[in-house]
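# Secondary and tertiary structure notes
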Amino acid sequence: MNYLRLNINSREIKVKPGTTVLQAAQASGTYIPTLCADPDLKPHGGCRLCIVEVKGMRNMPTACTTIVSEDMVVNTETEAVHKERRSVIDLIIADHPMDCLTCIKNQRCELQDVAAYLGITERNLPRTIKQKPIDDSNPFFTFNHNYCILCQRCTRTCDEITGVNAIEIINRGYNSKVSTFGDKPLMESICKSCGECVARCPVAALVAKNSIMPTSKIETTCPYCGVGCMMELGIRNGKIVSVEGSRSSQANNGRLCVKGRYGIADFVQHPERLVQPLLRKSNTLIETSWEEALNIVAQKLSAYSGDQIAVIASAKCTNEDNYIVQKFARSVLGTNNIDHCARL
Amino acid sequence: MAGLATTFGSGAMTNSNNDLLGANCIFSIGSNTTETHPVIGFNIKKATRSGAKLIIANPRHIELVRYADIWLQHTPGSDVALLMAMMKIILKEGLHDNSFIMQRCENFKPFKQSLDDFDLTTAETITGVPLGQIVEAARMYAQNGPSAILYAMGITQHSHGTDNVIAIANLAMLTGNIGKPGSGVNPLRGQNNVQGACDMGSLPNVCSGYQKISEPSIKQKFNVAWGINLPTEEGLSITEMIDSILQGRIKALYLIGENPILSDPDAGHVRKALSTIEFFVAQDIFINESVELAHVVLPGTSFAEKDGTFTNTERRVQRVRKAIDPIGYSRPDWLITCQIAQRMGAKGFDFEQPSQIMDEIAKVTPSYGGISYKRLDKGGLQWPCPDLKHPGTSILHTQQFTRGKGRFMPLRYKPPAELPDKDYPMMLTTGRNLFQFHTGTMSRKVAGLNSFKGEEEVEIHPKDAERLFLNNGDKVKVISRRGEITARIKISEASSPGVIFMTFHFAESPTNILTNPALDPISKIPELKVCSVKISKI
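In this text the structure is predicted, and so the values were computed from the model without any measurement.

### Some words on the overall build of chain A
Assigned secondary structure in chain A consists of nine helices and 16 strands. Its C-alpha radius of gyration of 27 Å places chain A more than 25% over the 20 Å reference for a compact globule of 344 residues. For chain A, the spread of C-alpha atoms along the three principal axes comes to 90 × 55 × 35 Å. Out of the 344 residues in chain A, the part that is buried amounts to 56%. Total accessible area on chain A stands at roughly 15200 Å², and carbon and sulfur atoms take up 51% of it. A distance of 2 Å separates the average location of the 40 positive side-chain charges in chain A from that of its 35 negative side-chain charges.

In structure tokens, the structure reads:
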């Protein structure tokens, strides 16, 4: 493998051909502010925040769209670069609500990160007062256009990642906005509610409803279809409060569908969950103790010969559950009458 | 699965989810991937964006048709005829991979003979697809390798489902599209752990790792490992169990985490069996239509409350981790079964944690031999993974087939067990919707999902709707030889005239009251995808 050498902020680094300046900087631990870049999406060059100085190049190219060439000399931290970046942020925040403390994305907002990095402490342009609509139609997430910074991560996600193309930028110039075909609410569009756009929104434009910050996360595997997406369940006070796609599994590479992302907590923590063993007495099921329930099952099953018993195991249960139940059928009940819904 | 076991020696998906991104041509038949396996659906669309050809064979106008180069809208149940026609064209035009056939496969002659006896104009009549389109699809699949085939229940849930699968396997072998990246025969498993439940031996004829109980060496191995005398008589499949209960031969049932009254064909028959059995113990997380008939109900935990593993459709074993405490007094399923076993005096059920169960699985199951929780904490592993150093297997049959040589199987087209006639003039086919899952036990507890799809809809072509004087939203009775249900009409050009479509997510309109329990003779899969019905307005 041949490598290219380049110099970023007076540090020599080596990268593979085809690497962008942004990727090279990130790989070497150099921070470059961006709002439209996403590791899963093609370089876009839209937000203009990742501009850098490159020796011998006119103007300031965007790091995300500039491919590294041999002996390139890059500077990401000059005053000229910062000045341009600050004017980009000035324009964005002129149009952005300043209610950070009460915003759902507070401390998880990438616009805050960039503004803090650039040392923005005041508004330099007058606040625009245009109130934009909120699309509340989807049961799982809200699109609040007042927070939207038009980075197009959502529209590019809906194109490049999911191929659904439910949302695009409509109109021109200052009237530009993210919307659906015919400017209809999301629920009346072809949106599949997978939430991939919500996962990538850097600000509070696309946010999950009923979102509560978890205090811990645990990685597990989705219980719906056979794709086997791994997910991180966010836990707070002993309850599941959020779900994110996990990037560690090659089964899904961080992606999820609507059922995985929004269909877990409601069924796991549903009030109708069975919480106690039940026993049929005079034709109604009434609550009983584990001790009694297990004893009755053991006693009843012992009364039959193997060929009088059938066991139906479950494709919803774990490998360990299934291994144990087939071992139980074969070695304790003495029957091979064991099956599950593989065929259905 | 039986079809692939016969031809390749292994019934599992040959390649991997991400491997589809490297295919030059994807042929999807009998799978509505964007609704049933959405994240694999993303991969298919992504592949087409980077230039891969896409052929869709489906009786319905599914979402992926928008992305397809060719859409073959064949009549439900005519898959074998369609595939045989494609193979005949490939052979006739010399597009087959002769060296692959010679070196890697066997039994080619009888197979070729069966194609010689097959007539292309008959194929056109049976499938309803113009011959020109079949020719174009055959060329596209054969000439754009590596080509991957995807299929799901639209292929297997037929009274000749095994033949359908064999036809697919034949097509892949004929063009050498097996054992290399971007190719393969990829059955998409419908449930999170259907692959794992099969791997673990929750099947009537095999122990874990598909080790046949009929083989003396296997019996001996488990006799030693478990310290028992393994019963050698092959057990019953679910559909056969239901019959045996009604005949009085099966008297006790232990049902875990399933809802056969909604998921199995001819639901009336299943309900009768579960209502009359002498002793019925059910273990589940909710009361459902089946569980409510039990004599004892044991509360299991959901996936979020226990440790374990699932094996996904691409054979990847991945961790399930306990995120919250069991709800109420519910207990993990493995623990409940162990506690019953111990009360029956059995030894070998004194596990304290699921990792110890996995250690036993690895000991007795060659394909899981190298799998342990310690390794899985660094990421999933695809079986076969025979020892602790083995990195897992992303593509099967690379050097040789699991059974040695790939076996071509001659075929003959057979029609579905029940075809439309004077009394029941329409065809019903079934499937799933993105926003619900299987019998709805989980997904219908999620209010947001219900707002997308909250009740059954009978999808009917505008021509049929006009003929029957039906409007969108009209309530109708759908009647088959086995029963009747009511649901609302949704007029849609997704189906072809004469074919209606329903899901089986809703207990209020239990579609499987209508479906035909005619079984595939080998795989014992019922014909859920085709039955004859009539519709009358209420």
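### Things to note about the environment of Tyr-262 of chain A
Residue and element names in this part refer to chain A. Of note, Tyr-262 is situated in helix α6 (residues 258-262). Under the relative-accessibility criterion, Tyr-262 is labelled buried at 14%. Along the chain, Tyr-262 and Cys-194 lie 68 residues apart, while their C-alpha atoms are 8.4 Å from each other.

### Digging into the packing of helix α9 (residues 319-333) of chain A against helix α16 (residues 333-343) of chain B
For any two helices packed against each other, the geometry comes down to the angle between their axes and how far apart the axes lie. For the pair α9 of chain A and α16 of chain B, the least separation of the axes is 8 Å and the interaxial angle reads 20°. As far as their axial angle goes, α16 of chain B and α9 of chain A are roughly parallel. Read as a crossing pair, α9 of chain A and α16 of chain B show a hand that is left-handed. Residue-level contacts link Glu-320, Asp-321, Ile-324, Val-325, Phe-328 and Val-332 of chain A of α9 of chain A to Asp-333, Trp-334, Thr-337, Cys-338, Ile-340 and Ala-341 of chain B of α16 of chain B. Here the residues of the contact of α9 of chain A with α16 of chain B sort into eight nonpolar, one polar and three charged.

### Description of the domain arrangement of chain B
All names here are of chain B. Domain assignment breaks chain B into domain 1 (2-188), domain 2 (194-382) and domain 3 (426-537). Computed from C-alpha atoms alone, the centre-to-centre distance between domain 1 and domain 3 is 26 Å. Each partner contributes residues to the interface: domain 1 has 21 residues there, and domain 3 has 23 residues. A buried area of about 1700 Å², summed over both sides, lies between domain 1 and domain 3, and 57% of it is on carbon and sulfur atoms. Inspection of the domain 1/domain 3 interface yields one salt bridge. Here Glu-459 ties to Arg-60 by a salt bridge, and the two come within 2.9 Å at their closest N and O atoms.

### Focus on the nonpolar core
Within the largest apolar cluster, 90 residues are counted, with the highest numbers of intra-cluster contacts made by Ile-89 and Leu-233 of chain A. In terms of residue count, helix α3 (residues 38-49) of chain B provides more of this core than any other element does, five residues in total. Filtering out sequence-adjacent residues up to four positions away, Ile-89 of chain A remains in contact with Leu-49, Leu-111, Val-114, Ala-115, Leu-118 and Ile-120 of chain A. Membership of the second largest hydrophobic core comes to 57 residues, among which are Phe-27, Ile-134, Tyr-151 and Ala-169 of chain B.

### Quick word on the domain arrangement of chain A
One can read the domain layout of chain A as domain 1 (4-117), domain 2 (130-210), domain 3 (212-273) and domain 4 (278-343). Computed from C-alpha atoms alone, the centre-to-centre distance between domain 1 of chain A and domain 3 of chain A is 32 Å.

### Topic: the sheet that holds strand β2 (residues 53-57) of chain B
Two orientations exist for strands paired in a sheet by backbone hydrogen bonds: parallel and antiparallel. Residues and elements named next belong to chain B. Taking strand neighbours across the sheet as the criterion, the five strands line up as β3-β2-β1-β5-β6 in an open arrangement whose pairing is parallel. Two strands lie at the open edges of the sheet, namely β3 (70-72) and β6 (185-187), each paired on one side alone. Strand-to-strand twist across the sheet, computed as the mean angle between neighbouring axes with direction ignored, equals 15°. The strands touched by helix α4 (residues 79-92) within the sheet are β1 (25-29), β2 and β3, with β1 carrying the most contacts at an inclination of about 155°. Contacts from helix α8 (residues 131-143) reach β1, β2, β3 and β5 (147-151) within the one sheet, and its direction differs from that of β3 by about 125°.

Criteria and cut-off values
Here the residue numbering is sequential within each chain, running from 1 through the sequence in written order. Here the convention is simple: chains get letters from A, ligands get numbers from 1, in the order in which they are written. Confidence filtering applies because this is a predicted model: local features only for residues at pLDDT of at least 70, side-chain atom pairs given and counted only at 80 or more, and all residues used for totals across whole chains, interfaces and linings. The basis for every side-chain value is the complete set of heavy atoms in the structure, and neither hydrogens nor water enter the calculation. For helices the rule is a DSSP run of H or I covering at least 4 residues; for strands it is a run of E covering at least 2, with both sets numbered from the N terminus onward. To get the radius of gyration, use the C-alpha atoms; to get the globule rule, take the number of residues to the power 0.38 and multiply by 2.2 Å. Here the term buried applies to any residue with accessible area under 20% of the maximum for its type, exposed to any over 50%, and partly exposed to those in between, with areas from a 1.4 Å probe on protein chains only. Method for areas: the Shrake-Rupley scheme with a 1.4 Å probe, in which residue coverage is limited to the protein chains shown. Charged-residue counts in this description rest on Lys and Arg as positive and Asp and Glu as negative, His and the chain ends being excluded. Charge placement uses NZ in Lys and CZ in Arg. For Asp and Glu, CG and CD serve respectively. The convention used is that axes are lines fitted to C-alpha atoms, helices contributing only their stretch in contact, and that angles between N-to-C directions extend from 0 to 180 degrees. Geometric relationships in this document are graded by angle, where less than 35 degrees denotes roughly parallel, more than 145 denotes roughly antiparallel, 65 to 115 denotes roughly perpendicular, and other angles denote oblique. In this scheme the crossing of two helices becomes right-handed for a clockwise turn of the near helix relative to the far one and left-handed for an anticlockwise turn of less than a right angle. A contact between two residues is defined here by any heavy atoms of the two lying within 4.5 Å. Amino acids are sorted into nonpolar (Ala, Val, Leu, Ile, Met, Phe, Trp, Tyr, Cys and Pro), charged (Asp, Glu, Lys and Arg) and polar (every other residue, Gly among them). The source of the domain bounds is an automatic or database domain assignment. Note on definitions: buried area is the accessible-area loss of two parts on being combined, 1.4 Å probe, summed for both. Here a salt bridge means any side-chain nitrogen of Lys or Arg lying within 4 Å of a carboxyl oxygen belonging to Asp or Glu. Nonpolar cores were defined as sets of buried Ala, Val, Leu, Ile, Met, Phe, Trp, Tyr and Cys residues, with membership established by side-chain atoms within 4.5 Å. A pair of strands is treated as paired once DSSP finds two or more bridges between them.

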